[in-house]
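# Observations on the three-dimensional arrangement
The chain contents come next:
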Amino acid sequence: MVTAEQLEIRDLARSFAEGEMRPHAEAWDAARAIDDGVFAKLAELGFLGMLVPEAYGGLDFDVVTYLLVLEELAWGDAAVTLAVAIHNGPVVDVLLNHGSEAQKSLWLPRLASGEDLGAFALSEPEAGSDPAGMVTAAERRADGWVLRGTKRWVTNGARAGVVVVFARTGPDAIGAFLVEPGTPGYREGRRERTLGLRASETVSVELDDVAVGDEALLGEPGEGLHYALQALDTGRAGIAAQAVGIARSAFEHATAYALERRQFGRALADFGATQMKLAEMHRRIAGARSLTHEAGTVLQETRTGARPRTGPEGVTALAAGAKLAASEAATWVADEAIQIFGGYGYMRDYPVERLLRDAKGTEIYEGTNEMMRHVIAREVLRAARSG
Ligand SMILES: Cc1cc2nc3c(=O)[nH]c(=O)nc-3n(C[C@H](O)[C@H](O)[C@H](O)COP(=O)(O)OP(=O)(O)OC[C@H]3O[C@@H](n4cnc5c(N)ncnc54)[C@H](O)[C@@H]3O)c2cc1C
């Protein structure tokens with residue numbers, strides 16, 4: 001059940017999305033750029049420190065409140081929300097769970113205040129679904145590490161103040177490092193030209209002998225992949241909420257258009273075929289939202305140690321399931337919204353084509369939907385096999 005306090009925070013996010021994001025979404029998409037001011041305003045509201053404890057300057061929201069906010073922001077603009085979700089999600093998660101006190105005291109207040117945006121550099125040109133196949137290397141030196149390799153599709157990579165870089169510390173070991181983009185040898189590569197989320201700044205990163213001190217290593221040098229996968233549970237719940245927000249936006253546009261547009265002397269909404277589409281959209285969105293909030297509830301219990309992460313009822317399976325359901329719902333709903341708009345839906349002048357382009361991304365990043373099915377099957381079968 002959502003509490004009155006959670007609804008109040010959701011409403012704050014809703015009015016921010018309505019006033020500060022939605023009116024600009026089309027222009028940001030066309031310009032392939034986000035107005036910097038929106039991050040400052042998000043920071044003012046505390047929305048860049050949603051899962052950061054108060055002791056480090058954050059709002060310390062419970063996970064469901066965080067997901068409620070993300071849905072609203074994504075309803076306003078999905079590209080800004082991707083930046084916000086990666087920053088608040090996997091970046092904060094990995095620091096909070098595996099950072100030393102010195103690392104947390106240094107970085108969490110800077111992330112929560114918006115002084116620095118965070119990025120998460122796991123994928124590589126030849127290692128996406130299989131991050132264990134990464135080749136970026138971290139070579140041990142007397143006073144730290146030297147990182148060498150290429151990271152691909154780093155969201156926020158162009159404006160981040162800190163990037164969590166995963167690199168091989170040995171033949172069977174991967175470490176996680178906190179890297180400041182200003183460090184010599186860190187070079188932003190090309191800005192990707194994407195189907196949707198065009199305003200999102202997704203870049204390649206070249207690590208050309210980037211020397212970092214011991215204080216850059218998060219936790220144990222061989223545990224980085226484990227940390228990344230754990231952080232992606234939080235990340236995937238966030239992407240599920242983002243997808244629900246995109247779907248809801250498409251649904252609302254389609255409903256309004258169906259009431260307004262007339263053919264054969266009647267509103268489209270009077271045709272049974274349109275009504276069935278709207279009903280199916282509503283059902284899929286409501287189902288996706290329920291799963292997303294269930295994953296959020298379980299994630300919250302996992303954070304406080306009250307639940308194991310694994311197994312069919314664990315957050316790893318539930319967050320994967322929520323992202324799978326919500327991303328498929330978003331793509332399907334946006335596609336049907338275009339159909340309801342007819343020829344106008346196919347035009348750039350109306351928002352639904354952008355929403356379909358944006359929705360498709362949620363089926364791919366933070367793990368493709370094929371990998372989400374794989375994760376769920378693994379969790380279910382492992383529990384069944386161990387009896
Ligand atoms: C907009 C955007 C933003 C992103 N942001 C980030 C970011 O901030 N940080 C980051 O690290 N990465 C980021 N990514 C990368 C993203 O996580 C990867 O693209 C994704 O994990 C898939 O990897 P890949 O592209 O290499 O595809 P591949 O792994 O090559 O997969 C290609 C296809 O094969 C399928 N496939 C692969 N293996 C299997 C299997 N075992 N069984 C069945 N099917 C399989 C996949 O599902 C997919 O359909 C981003 C990507 C996009 C598009």
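Residues numbered from 1 in each chain as written. Predicted model: local features only at pLDDT ≥ 70, side-chain atom pairs only at ≥ 80, totals over all residues.

## Re the pairing of strand S3 (residues 144-155)
- Where strand S2 (residues 137-141) meets S3, five bridges bridge the pair, whose relative direction is antiparallel. For Ala137, the partnering residue across the bridge sits in S3 and is Arg148.
- With nine bridges connecting them, S3 and strand S7 (residues 202-213) associate as antiparallel partners. If you follow Thr155 over to S7, its bridge partner there is Thr202. (Pairing = 2+ DSSP bridges. Helix = DSSP H or I, 4+ residues; strand = E, 2+ residues; numbered from the N terminus.)

## A word on the packing of helix H5 (residues 78-98) against helix H6 (residues 101-113)
- Contact geometry of H5 with H6 gives a least axis separation of 10 Å together with a crossing angle of 165°. Considering their axes alone, H5 and H6 lie roughly antiparallel with respect to each other. Considering only the axes of H5 and H6, their crossing is left-handed. Between H5 and H6, the residues in contact are His87, Val91, Val92, Leu95 and Leu96 and Gln103, Lys104, Trp107, Leu108 and Leu111, respectively. (Axes fitted to C-alpha atoms, helices over the stretch in contact; angles between N-to-C directions. Parallel < 35°, antiparallel > 145°, perpendicular 65-115°, else oblique. Left-handed = near helix turned anticlockwise from the far one by under 90°. Contact = placed C-beta atoms within 7 Å.)

## Re the site of the ligand
- Around the ligand, the surrounding shell holds 22 residues, and the nearest of these are Gly128, Ser129, Thr155, Thr368 and Glu370.
- Put simply, the parts of the chain that give the shell around the ligand at least two residues each are strand S1 (117-121), S3 and helix H11 (369-385).
- Class assignment for the residues of the shell around the ligand results in 10 nonpolar, 10 polar and two charged.
- Counting residues domain by domain, the shell around the ligand receives three or more from each of domain 2 (119-218) and domain 3 (224-385). (Near = placed C-beta within 6 Å. Nonpolar A, V, L, I, M, F, W, Y, C, P; charged D, E, K, R; others polar. Domains from an automatic or database assignment.)

## Digging into the domain arrangement of the chain
- Here the chain is partitioned into domain 1 (4-117), domain 2 (119-218) and domain 3 (224-385).
- The gap between the C-alpha centroids of domain 2 and domain 3 is 29 Å.
- The interface is formed by 12 residues belonging to domain 2 together with 11 residues belonging to domain 3.
- Sort the elements by how many residues they give to the side of domain 2 that touches domain 3 and strand S5 (residues 173-179) lands first, with three residues.
- A class-by-class count of the residues in the side of domain 2 that touches domain 3 yields nine nonpolar, three polar and no charged.

## Some remarks on the packing of helix H9 (residues 315-341) against H11
- The N-to-C vectors of H9 and H11 enclose an angle of 150°; their axes lie 9 Å apart at closest approach. The element H9 and its partner H11 pack so that their crossing is left-handed. Counted together, Thr316, Ala317, Ala320, Gly321, Lys323, Leu324, Ser327 and Glu328 of H9 and Asn369, Met372, Arg373, Val375, Ile376, Glu379 and Val380 of H11 form the full contact between these two elements.
- Split by residue class, the contact of H9 with H11 holds seven nonpolar, four polar and four charged.

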